[in-house]
Amino acid sequence: MSGLFAVASKQNCAEMLIYGTDYHAHMGSEYGGLAVLGQDFARFIHRMNNANFRDKFFDSTKDFETNMGIGCVSDLEEQPVYIKSKVGEFCIVTSGRIVNVESLADEMMKDGVCFSEFSKFHVNSTELVARIIADEDTIENGIKKVFSKIKGSCSLLILTRQGIYVARDFFGRTALVLGKNEDSFAVCSETCSFSNLGYETIRDLNPGEIVLMNENGIKILDKGHNTKQVCSFLWIYTGFPASNYEGLNSEIIREKSGRLLAKRDKGIDADLVAGVPDSGLAHAVGYAMESGLPFRRPLVKYTPTYGRSYAPPTQHLRNITAKMKLVAIKEVINGNSLVLLEDSIVRGTQLKNFTVEKLWNAGAKAIHVRPACPPLMFPCIYANSTRTNSELVTRRAIKEIEGKDIEDVSEYLDHTTEKYAKMVDIIRKYLNITSLKYQILEDMIEAIGLPEKDLCTHCWNGKQCRGCSNEKI
Ligand code: SF4
């Protein structure tokens with residue numbers, strides 16, 4: 001994953017840029033980067049390793065004065081990338097996932113293009129985007145070329161001497177929102193970055209929209225369109241509770257999702273409702289409000305140092321983070337039957353080894369797990385996830401039922417089928433819990449509140465969304 005922030009101001013905005021980008025730190029834990037324009041362009045990139053973004057950047061930029069800058073946090077690659085080309089000098093940051101990065105790079109190398117910025121021995125997709133843009137006659141046309149060439153998703157910010165080009169992914173899978181305060185304009189992936197910095201939201205960019213932002217205002221270069229497939233996971237899991245996407249607040253949607261789960265769970269015998277911190281908490285609040293059971297906190301996160309457990313890049317680091325960050329409170333757990341809301345279950349190993357086990361060890365009488373989305377059946381092919389089929393606990397359960405890996409899993413997608421029930425029961429046994437009931441897709445979509453056609457639901461139903469090959473809309 002990755003998150004973007006930019007500001008163009010009548011005043012020095014270096015500090016604003018750092019704080020604004022810092023509010024995106026939950027979107028990536030590997031790299032942080034800033035580019036600013038003073039007399040010249042300057043670029044700062046740090047390996048984050050779960051360190052504090054602010055600490056890393058305040059030292060290196062404390063003497064810098066600028067009235068325009070872009071920032072990002074990213075899991076995949078080092079950015080910003082700086083390019084000097086026939087369309088001028090620019091620094092660029094991107095978010096999303098370009099699936100065909102290697103084939104596009106091969107094509108371009110045949111035409112003599114060179115790549116210098118590699119991430120983990122792969123072509124850096126931000127550099128690829130930069131070079132596609134640099135090859136066109138204008139930056140705007142370059143961005144349109146990027147949209148026409150890539151498969152996957154790409155939102156981007158480009159810092160130039162004329163202002164900051166802002167473009168939202170052609171299918172709106174990732175968010176970009178415009179804001180303003182007294183003397184500046186800003187854009188962000190996460191609107192939680194706006195409120196404490198005094199920005200009010202202007203609006204979400206349309207899918208495919210391109211604007212040029214400077215300290216005097218925002219000029220629309222291409223208004224984009226209304227066909228969108230926004231990542232549903234933004235509201236259910238990856239987004240910050242205080243953030244809005246398409247004007248819809250994550251916390252409120254999580255509460256609704258929890259309420260809908262509770263409605264289908266009438267008569268459950270439990271003493272308390274809890275959420276796996278942090279993203280399970282609002283789902284649990286909603287469940288508690290609907291069921292009338294008390295919301296309590298048997299597990300608390302040691303917030304000063306631990307980020308999200310899925311964000312670290314290796315399994316070993318994910319395990320350490322998962323083990324250390326949650327601390328069980330025996331006094332809340334002992335002798336109680338718990339309903340435990342979790343945002344989603346990917347591999348299941350962390351939930352089993354580092355959450356459920358802690359609850360049993362602290363004396364839980366029963367553990368009823370309620371994931372806030374349906375079983376994850378397909379890896380993400382549009383945003384920024386490294387999941388593979390074989391990592392998904394659902395696929396492992398299906399393999400156990402079928403005796404082999406199968407391509408067509410359609411029977412397992414329907415929550416009313418016997419095969420679905422069998423799969424869920426295998427996962428329940430694997431997790432070592434009393435009961436397991438997933439959110440159903442219809443209720444998740446109802447909780448989000450957008451029409452299904454405007455959402456990407458590929459993770460759950462495998463629908464090859466429009467834009468998989470960015471065909472014309
Ligand atoms: S495939 Fe899943 S994670 Fe990826 S954009 Fe679609 S809903 Fe989001």
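Residues numbered from 1 in each chain as written. Predicted model: local features only at pLDDT ≥ 70, side-chain atom pairs only at ≥ 80, totals over all residues. Heavy atoms only, no water.

### Details of the overall build of the chain
Phase 1 of the analysis: Looking only at helices and strands, the chain has 16 helices and 25 strands in total.
Phase 2 of the analysis: Here the C-alpha atoms of the chain give a radius of gyration of 23 Å, agreeing with the 23 Å that 2.2 N^0.38 yields for 473 residues.
Phase 3 of the analysis: Dimensions along the principal axes, computed over C-alpha positions, put the chain at roughly 65 × 45 × 40 Å.
Phase 4 of the analysis: Expressed as a percentage of the 473 residues in the chain, the buried residues total 58%.
Phase 5 of the analysis: For the chain, the exposed area adds up to about 19500 Å²; of that, 49% sits on carbon and sulfur atoms.
Phase 6 of the analysis: Across the chain, 57 positive and 59 negative side-chain charges occur, with their mean positions spaced 4 Å apart. (Helix = DSSP H or I, 4+ residues; strand = E, 2+ residues; numbered from the N terminus. Rg over C-alpha atoms; globule rule 2.2 N^0.38 Å. Buried < 20%, exposed > 50% of the residue type's maximum accessible area, 1.4 Å probe, protein only. Areas by Shrake-Rupley, 256 points an atom, 1.4 Å probe, with all protein chains shown as cover. Lys, Arg positive; Asp, Glu negative; His and termini not counted. Charge placed at Lys NZ, Arg CZ, Asp CG, Glu CD.)

### Examining the environment of Leu-197
Phase 1 of the analysis: Turning to its location among the elements, Leu-197 is positioned in the loop between helix H6 (192-195) and strand S13 (200-204).
Phase 2 of the analysis: You can call Leu-197 buried: its relative accessible area is 14%.
Phase 3 of the analysis: Sequence separation between Leu-197 and Lys-399 is 202 residues, and the spatial gap between their C-alpha atoms is 50 Å.
Phase 4 of the analysis: Ignoring sequence-local partners within four residues, the contact set of Leu-197 consists of Phe-5, Met-16, Tyr-19, Gly-20 and Asn-181. (Contact = heavy atoms within 4.5 Å.)

### What about the domain arrangement of the chain?
Phase 1 of the analysis: Under the domain assignment used here, the chain contains domain 1 (2-225) and domain 2 (248-461).
Phase 2 of the analysis: Distance between the C-alpha centres of domain 1 and domain 2: 33 Å. (Domains from an automatic or database assignment.)

### Re unusual backbone geometry
Phase 1 of the analysis: A cis amide bond links Gln-79 to the next residue, Pro-80, at an omega of 5°.
Phase 2 of the analysis: You can see Pro-80 is positioned in the loop between strand S4 (68-74) and strand S5 (81-85).
Phase 3 of the analysis: With an omega dihedral of -5°, the bond running from Pro-277 to Asp-278 counts as a cis peptide bond.
Phase 4 of the analysis: Following the sequence through the fold, Asp-278 ends up in the loop between strand S19 (272-275) and helix H9 (281-291).
Phase 5 of the analysis: The backbone of Glu-246 shows a phi angle near 55°, a positive value even though the residue is not glycine.
Phase 6 of the analysis: If you trace the backbone, Glu-246 turns up in the loop between strand S17 (244-245) and strand S18 (248-249).
Phase 7 of the analysis: Exposure remark for Glu-246: the relative accessible area of 19% places this residue in the buried category.
Phase 8 of the analysis: Phi angles above zero are rare outside glycine, and Asn-432 is one such case at about 65°.
Phase 9 of the analysis: Its location among the elements puts Asn-432 in the loop between helix H14 (418-431) and strand S24 (435-436).

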